[in-house]
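Working through the structure, step by step
Residue strings, one per chain:
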Number of protein chains: 2
Amino acid sequence: MLVSSDSSLRVVQYGLGPIGQAVAEAVLAKTNGLTLVGAIDIDPEKVGRDVAAVVGAEHPLTGVSVSGDAEDVLGTTEPDVVLHTTTSFLEGMTDQLVQCARAGAHVVSSTEELSFPYGRSPERAERLDQVAREEGVVIVGTGVNPGYAMDTLPLMATGVCTDVQAVHVERVVNASERRRPLQEKVGAGISTAAFEEKKAGGTFGHIGLRESLLMLADGLGWPVESVEEELQPVQAEAYVDTGFREVKAGEVAGIHHSATGHIHGGPKLSLDLKMYVGADASYDVVRVDGEPPINLRFEGGIFGDTATVGMLVNTAPLAAQAAPGLQTMADLPVPRAFATTPSQEASSSA
Amino acid sequence: MLVSSDSSLRVVQYGLGPIGQAVAEAVLAKTNGLTLVGAIDIDPEKVGRDVAAVVGAEHPLTGVSVSGDAEDVLGTTEPDVVLHTTTSFLEGMTDQLVQCARAGAHVVSSTEELSFPYGRSPERAERLDQVAREEGVVIVGTGVNPGYAMDTLPLMATGVCTDVQAVHVERVVNASERRRPLQEKVGAGISTAAFEEKKAGGTFGHIGLRESLLMLADGLGWPVESVEEELQPVQAEAYVDTGFREVKAGEVAGIHHSATGHIHGGPKLSLDLKMYVGADASYDVVRVDGEPPINLRFEGGIFGDTATVGMLVNTAPLAAQAAPGLQTMADLPVPRAFATTPSQEASSSA
C-alpha cells in the first residue's frame, strides 16, 4: 500500500508550454493528493501572472504567480515534487534537473531522453544518479511515449511469460485527433523535400524511440547488439483538414518511425510508430512471441495528449516513495491513477 | 535497472502440486538467473526422489531431492527466495510463510488470499509484515489471477489517466484449453445441485476475486463501501469432451463469478470472471471509464496455466530488490519476464 492521498504532495510546475500547462491544470483539478505551490517559466507573457489564469484552468486564482526565477521558486516553496516539462533533450538541460534535486525535490520529467538515459547519455545519467542519491530524491523521466506505450507496457505484457523470444510493439496515432503541437511535430502538411531537410537536422521524428527500446531490452536483461532506426514520411492519400492544418494529397501526413533491436544475431525487439493526420484509427498493440504468447490491443489507442499528463501526475507519488537515485519507469511500482475521485451517486438504499 | 541475471538467485520450491511442479520445471529450464537448491513436499510418493524426476522436467537429475522436512531444507540450503505453492488460503498456512521468512528468504507465494490479505485477514497480514521486516525480506502473493489479470493489469491501465470514474474487468477462460485441475476447480461436468452444494461449502468458486477488487481499489485510493460477490454456474449448451472430462448439455460447464465494489454510493469497480469448458474463446478485457478512456483487450486471453508459473518466477527477482515487508504486486516494480533467452540466430552479416 503506497502513499495515502490524504497527505498532499507540494508540487512545483517547471515549464508552462503546452504539456506543462496541461499538467498544471490537472494538478489544480485535483481535490486532494497534490497541491500546486509554484510555477516556473521564462516566457515574459507568463511571468508574474497567476498560474491558473496562464493555463486557462477552470479554477479560481491560486495566489501562485509564474516566476522566471527557478532558484527562487525552488528555494522558497519547499516542493516535494517538481513536475518538469521544458524540453525533449538532456543536452543543456541536466543542470535544471540537478537544480531541482538540490532543492530536495523529487523530479518527474517529460524529457524524452531522460526516460532511459543510459544508452545515449551515460555520463549525464551517472551525474543525475549521484546527485539524486546525495539529496535522497528520485529523478525519473516519464510520459505516454516514452514512459508507457512502447516500453513499460510491453515490459508488463511479458510479466506472465516463462519464455520470451521476441516483442513487437505497434502504435498508430491519428494525429488529426491530437493538439496542434503534435501535428506540427510530425510534419503534417509539409512537403517531402521539407521532411527530408528536417530529418537531416537530426532532432526530427519521435524522440525517445531508442530509449524505449533500450529500456525494454534492459528490463528483459537482453544484451542489445545493435539498434536500427528508420524514419519515413507517411504521405497523405487524400485531403485532410484537422482544424489546425490542411494537408493535401501527396503532402506529408506524418511520420513512420521504427526501431529494431538485434539480440543474439536477430531482430528480437521491434517498435513501430506511425503518427499522422487522417489515419483510419488509433491503436496500440503489443505482441509477445513467448510462452504464453501475448496479443494485447488498446482499441482506439492511448490518447497521448491526456495520457502524458496522466503519467506525469500519477508518477509523482510513486517517485516520492521509491529508493533515491535516477530511476526509470521499470524501477517504480506499476503506474496507476492517483487521487481520482469517482462521482458521488445516490445510493440505491438512500 | 534491476537485478542482473548474472547473479543467480538460490530458490527453494515449497509445494510440488501441479503448480509447484510447473514452477520447479520453469526454474530448472532457466540457464541463468535462478538455481533450484531445494524442494519441499510432504507427499510420500515424492519425498526422497530427485526433483527433476518428480516434475518430469526435460532436465538431467539435479542432485536435489524432495524433502518433507521444511525446516531442514530451509535451514541448510541458504535460499534467497522460496517459491511457495501449497494452498489458496491463509488459514493454517501463515506459519509456513513465517518459517520461510525466518530462514531469511524472500517468499513469493501463489496463495490467492495472500495477494491482498488486508481485507480478509488483517491480523495475519500484520504478523507477516512484522516478521518480514524483522528478517529484512519480502513476502508477496502473486499469480495470474489474482496477481495480474484482474488487479495489477487494470491498475496499470489506469496509469495514464488524469481522471477515473469506473473500472470494469472481464476475464473469460475457455477451461477446455486448461489442465485437469482447473476443469475440476470450476466444477465442469457436475450437476447444478452438486454445484449449489459445493457453493454452500464456502470455498468453491474462484479464490482471490475479492482480493483483486480490494487491491485495485486500494491502488486507486478509493474507499470501498461494500463488495457484492455473485457465483453462478455456467451450464453447458452442448456436449463437450475436453480430453479430461465429458460434460453433457445441461450439466455445469464452469463458473461465472463476479465482484462489484461500491464507492461513493455506486458500483465503480466490477470484476467479471467466467471459467468454463466449451467457451467460444478466451479473452481478457479492461475498460476504464476515465480520461482518457481505456479499452484494452488480450486476444486469446492470458493463458493461466503458464502465466501463473511466469508470475511466480518473474516476481522472484523483484521481491529480492524491494523494501522488506509484506508487499503486494502494486508495491513491486512492473512485472516483466526474467532470465529469458531469445534463440541464437545466424547474423545476416555472418
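Keep in mind that what you see is a predicted model, and the values were worked out from it rather than measured.

All names here are of chain A. Of the two faces of strand β6 (residues 138-141), the one holding V138 and V140 and the one holding I139 and G141 are both buried throughout. Of the strand pairs in this sheet, strand β5 (residues 106-109) and β6 are connected by three bridges, and their pairing is parallel. Its bridge partner lying in β6, V108 is registered against V140. Note that the unit made of β5, helix α5 (residues 122-135) and β6 has a crossover that is right-handed. The pairing of β6 with strand β15 (residues 325-327) spans three bridges and is parallel. Residue I139 lies in a different strand from β15, and its bridge partner there is L326.

Another aspect to go through is the sheet that holds strand β3 (residues 66-67) of chain A. Residue and element names in this part refer to chain A. Strand order in the open sheet formed by seven strands is β3-β2-β1-β4-β5-β6-β15, with parallel pairing between adjacent strands. Whereas interior strands pair on both sides, the edge strands pair on one side only; in this sheet they are β3 and β15. Relative to strand β4 (residues 81-84), strand β1 (residues 9-14) runs parallel, the two being bridged by four bridges. Within β4, the position partnered with Y14 by the bridge is H84.

Cis geometry is found at the peptide bond from N145(B) to P146(B), where omega equals 0 degrees. With respect to the helices and strands, the residue P146(B) is situated in the loop between β6 (138-141) and α6 (152-157). Following E291(B), the chain continues into P292(B) via a peptide bond in cis, with omega recorded as -5 degrees. Looking at the secondary structure, you find P292(B) in the loop between β13 (283-291) and β14 (294-299). A positive phi angle is found at A339(A), which is not glycine, with a value near 55 degrees. Residue position: A339(A) is located in the segment after β15. Taking the C-beta count within 10 Å as the criterion, A339(A) has 25 such neighbours and is therefore assigned buried. Even without being glycine, E78(B) reaches a positive phi, approximately 50 degrees. Note on placement: E78(B) falls in the loop between α3 (70-76) and β4 (81-84). For E78(B), a count of 13 C-beta atoms within 10 Å gives the class partly exposed.

Two numbers describe a pair of packed helices, the interaxial angle and the distance between the axes. All names here are of chain A. Put simply, helix α1 (residues 18-29) and helix α10 (residues 304-319) touch, their axes get as near as 9 Å, and they point 55 degrees apart. Between α1 and α10, the crossing angle belongs to the class labelled oblique. When you trace α1 past α10, the crossing you get is right-handed. Within the contact between the two elements, α1 uses I19, A22, V23, A26 and V27 and α10 uses T308, V309, L312 and V313. The residue makeup of the contact of α1 with α10, split by class, is eight nonpolar, one polar and no charged.

This part is about the interface of chain B and chain A. Every contact between the two is made by 63 residues of chain B and, on the other side, 63 residues of chain A. Secondary structure elements with two or more residues in the side of chain B that touches chain A: α6, β7 (163-174), α9 (209-220), β12 (266-276), β13, β14 and α10 (304-319) of chain B. When residues of the side of chain B that touches chain A are assigned to their parent elements, the largest contribution, seven residues, is made by α10(B). A breakdown of the residues in the side of chain B that touches chain A according to their chemical character gives 33 nonpolar, 21 polar and nine charged.

A word on the relation of the copies chain B and chain A. Of the transformation superimposing chain B on chain A, the axial component is 0.0 Å and the angular component is 180 degrees, with the fit at an RMSD of 0.0 Å. Taken together, the rotation and translation relating the two chain copies correspond to the operation of a two-fold axis. Within chain B, the C-alpha atom positioned nearest to the axis of rotation is that of P333(B), 2.0 Å from it. Mapped onto chain A, 100% of the interface residues of chain B are again interface residues, and the two copies thus contact each other with one and the same surface.

Pairing between sheet strands relies on hydrogen bonds along the backbone, with the strands arranged either parallel or antiparallel. All names here are of chain B. Strand order in the open sheet made by the seven strands is β3-β2-β1-β4-β5-β6-β15, with parallel pairing throughout. In this open sheet, the two edge strands, each paired with only one partner strand, are β3 (66-67) and β15 (325-327). In this fold α10 packs onto β1 (9-14), β2 (34-40), β4, β5 (106-109) and β6, with an angle of close to 155 degrees to the strand it touches most, β5.

Calculation notes
Residues numbered from 1 in each chain as written. Chains lettered and ligands numbered in written order. Predicted model: local features only at pLDDT ≥ 70, side-chain atom pairs only at ≥ 80, totals over all residues. Buried ≥ 20, exposed ≤ 12 C-beta atoms within 10 Å, placed from the backbone. Helix = DSSP H or I, 4+ residues; strand = E, 2+ residues; numbered from the N terminus. Pairing = 2+ DSSP bridges. Right-handed = clockwise from strand over helix to strand, strands pointing away. Axes fitted to C-alpha atoms, helices over the stretch in contact; angles between N-to-C directions. Parallel < 35°, antiparallel > 145°, perpendicular 65-115°, else oblique. Left-handed = near helix turned anticlockwise from the far one by under 90°. Contact = placed C-beta atoms within 7 Å. Nonpolar A, V, L, I, M, F, W, Y, C, P; charged D, E, K, R; others polar. Least-squares fit on C-alpha atoms with pLDDT ≥ 70 in both.

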